[in-house]
Amino acid sequence: MSSASNTSESVPPSRIPSPIENTRPDPLRDANSSTWAARNPTRSVIRARTPPPRLSDAQKASRKVKRDQKMEKTKRLHDTVALYLDEQKLKIGSLSSAHNVTPTYINDIIGSHTKYRTTRKVQLTNALIHAKAKEMNTDQPVGSRYTLVELREMVANDPQMKELTKDEKARYIAALSEHREQNVTNVRGNNMAAARDVLLTTERVVKELDDLRVHTGTYATMFVVRGHINDTIQSSMHGTDNSEDFWEDVYDIPMADYLRQYEQWACTQNQMATSITIRNLHVVSLTVALTGKKNITMNYSNYETAVVETYAVRLIGWPASIKFINPSNIGTVGDIRKLRDALKARTCYWTALTPVEVKAHTAELDVRRSAGEVVHKPRKKRSDAGGSRKRKALPAAHRENKRPSKKARKMAASSSEAPKSVEFIVSSGEEEEDFEAM
């Protein structure tokens, strides 16, 4: 069987789409929807952190020495704190005896703090450090930027930042406030950064919901799904306490099924106008652009006979790494995207065949048939082929409850509208005899 991925060299120049048609701007075809940032081109992008350069052996050894020193220092601090806590425990015991209260009461007084904090206003010190960081680190490569400690020293030693007017201080504070607001509304630049942001934020929200359940006894359910098929975000769900039982107890459907349906719904929102499906690209280009016929169904099993020979068209440029089958049967997302990109870029397209090419193709099929090759795959037979397919008579109980067919209802309605005739018709001779008898 000849491959569907024949190059365009075998096609007459008159039948190949012109470069003008291929380069004609098409917003649906040229739109980039690979990432959330690409689907929102008007919004600012959060700059991704560039990985630092690889360390040399000397740098690794130096860092190991510093790490060991820090671990030793931390151990001494923990030992000192443990000794202090033992002394504090003894002191709290003596205070509870002296004041006739429990040690727990004293511990609550010592360690009392609120879990609710409001957002702090922008401080001038942070605003000055932010301005100094933009000034010093903007053009610096990764690994050579100044640290926070060094920036603090620069701000402290800068005489211009010590003698600021009220308006200058307000401008510095406003610049930092605007920067923070932009960080809230900016989008992640790639799918990996977006997936990591979702993962960390989801973990934090899950902890907050669980803590809220302990503090207040509330129930909560959370679904997190991706909003586009190209996103790599892992969908997740969470229910506090036994909230997951609610979905099966009330709706008789597991919570995971709702998550899957929610993801399918989210991936189809606001994408009907911009998405181009594989099936539409095949059928529209085949029926309208070349044949002028409608309602033509693509036949992948009998492509050579049902499509090429019947309609005198051929598909050029099918990706060689993808098997020529129905796109719905392609198993991987990568192959689907590769085929979609080829169709959108017009490297894979339909072309019409000349009568001479159709005859040559038919002759080739005849040669293959004579060689014993099965060119046209027959349709699969019914399992009850050759037997009677009469409807089985229903039991009496089922016949009483069975709804009449549409044809029967139609006939009953027409018969009810017709005028009814009398049961007996008297002839004219009988009418005359009755009249004479009177």
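Please refer to the structure placed before this passage.
A brief structural summary. (Residues numbered from 1 in each chain as written. Predicted model: local features only at pLDDT ≥ 70, side-chain atom pairs only at ≥ 80, totals over all residues. Heavy atoms only, no water.)

### A few points about the overall build of the protein
- Helix and strand counts for the protein come out as 17 helices and 6 strands.
- Within the protein, the proportion of its 438 residues that are buried is 21%.
- Counting contacts in the protein only where the partners sit at least 6 residues apart, residues at least 24 apart contribute 63% of the total. (Helix = DSSP H or I, 4+ residues; strand = E, 2+ residues; numbered from the N terminus. Buried < 20%, exposed > 50% of the residue type's maximum accessible area, 1.4 Å probe, protein only. Contact = heavy atoms within 4.5 Å.)

### Examining the nonpolar core
- Core analysis: the largest hydrophobic core is formed by 17 residues, its most contacted members being Met298, Tyr303, Val307, Leu315, Trp318, Leu339 and Trp350.
- Elements represented by at least two residues in this core include exactly helix 12 (303–311), strand 5 (313–316) and helix 13 (333–344).
- By size, the runner-up hydrophobic cluster in this structure holds 6 residues, among which are Leu128, Ile129, Val155 and Met161. (Core = buried A, V, L, I, M, F, W, Y, C linked by side-chain atoms within 4.5 Å.)

### Examining the pattern of salt bridges
- Here the structure, examined in full by the defined rule, presents 12 salt bridges.
- Linking arginine 340 and aspartate 341 is a salt bridge whose minimum nitrogen-to-oxygen distance equals 3.3 Å.
- A relative accessible area of 39% places aspartate 341 in the partly exposed class.
- Arginine 369 serves as the salt-bridge partner of aspartate 366, at 2.9 Å between the closest nitrogen and oxygen. Of the two residues, aspartate 366 and arginine 369 are both situated in helix 14 (residues 355–370); the distance of 3 residues between them amounts to about one turn of the helix.
- Residue class for aspartate 366 comes out partly exposed when judged on its relative accessible area of 41%. (Salt bridge = Lys/Arg side-chain N within 4 Å of Asp/Glu carboxyl O.)

### Structural notes on unusual backbone geometry
- The phi dihedral of asparagine 100 is positive, around 60°, even though this residue is not glycine.
- The residue asparagine 100 is located in the loop between helix 3 (57–99) and helix 4 (103–111) in this model.
- On the basis of relative accessibility, which here comes to 72%, the residue asparagine 100 falls in the exposed class.
- Positioned with a positive phi, aspartate 252 is a non-glycine residue whose angle comes to about 60°.

### Regarding the packing of helix 5 (residues 124–137) against helix 6 (residues 148–157)
- The geometry of helix 5 relative to helix 6 is characterised by a closest axis approach of 9 Å and an angle of 105° between their N-to-C directions. Comparing the axis directions of helix 5 and helix 6 gives the class roughly perpendicular. Between helix 5 and helix 6, the contacting residues are Thr125, Leu128, Ile129, Lys132, Ala133, Met136 and Asn137 on the first element and Leu148, Leu151, Arg152, Met154 and Val155 on the second.
- When grouped by side-chain class, the residues that make up the contact of helix 5 with helix 6 number 8 nonpolar, 2 polar and 2 charged. (Axes fitted to C-alpha atoms, helices over the stretch in contact; angles between N-to-C directions. Parallel < 35°, antiparallel > 145°, perpendicular 65-115°, else oblique. Nonpolar A, V, L, I, M, F, W, Y, C, P; charged D, E, K, R; others polar.)

### What about the packing of aromatic side chains?
- By the definition in use, this model includes 13 aromatic pairs.
- With centroids separated by 5.3 Å and ring planes inclined at 75°, the aromatic side chains of phenylalanine 246 and tryptophan 247 adopt a geometry described as edge-to-face.
- Note on phenylalanine 246: relative accessible area 39%, which makes it partly exposed.
- Measuring from centroid to centroid gives 6.4 Å for tyrosine 300 and tryptophan 318, while their planes differ by 65°, and the two rings are edge-to-face. Residue tyrosine 300 is found in the loop between helix 11 (278–291) and helix 12, and its partner tryptophan 318 is found in the loop between strand 5 and helix 13; the two are separated by 18 residues along the sequence. Each member of the pair tyrosine 300 and tryptophan 318 is classed as buried.
- The residue whose ring lies beneath arginine 213 is tyrosine 219, and the NZ or CZ to ring-centre distance is 4.3 Å. (Phe/Tyr/Trp six-rings, centres within 6.5 Å; stacked < 30°, edge-to-face > 60°. Lys NZ or Arg CZ within 6 Å of the ring centre and 35° of its normal.)

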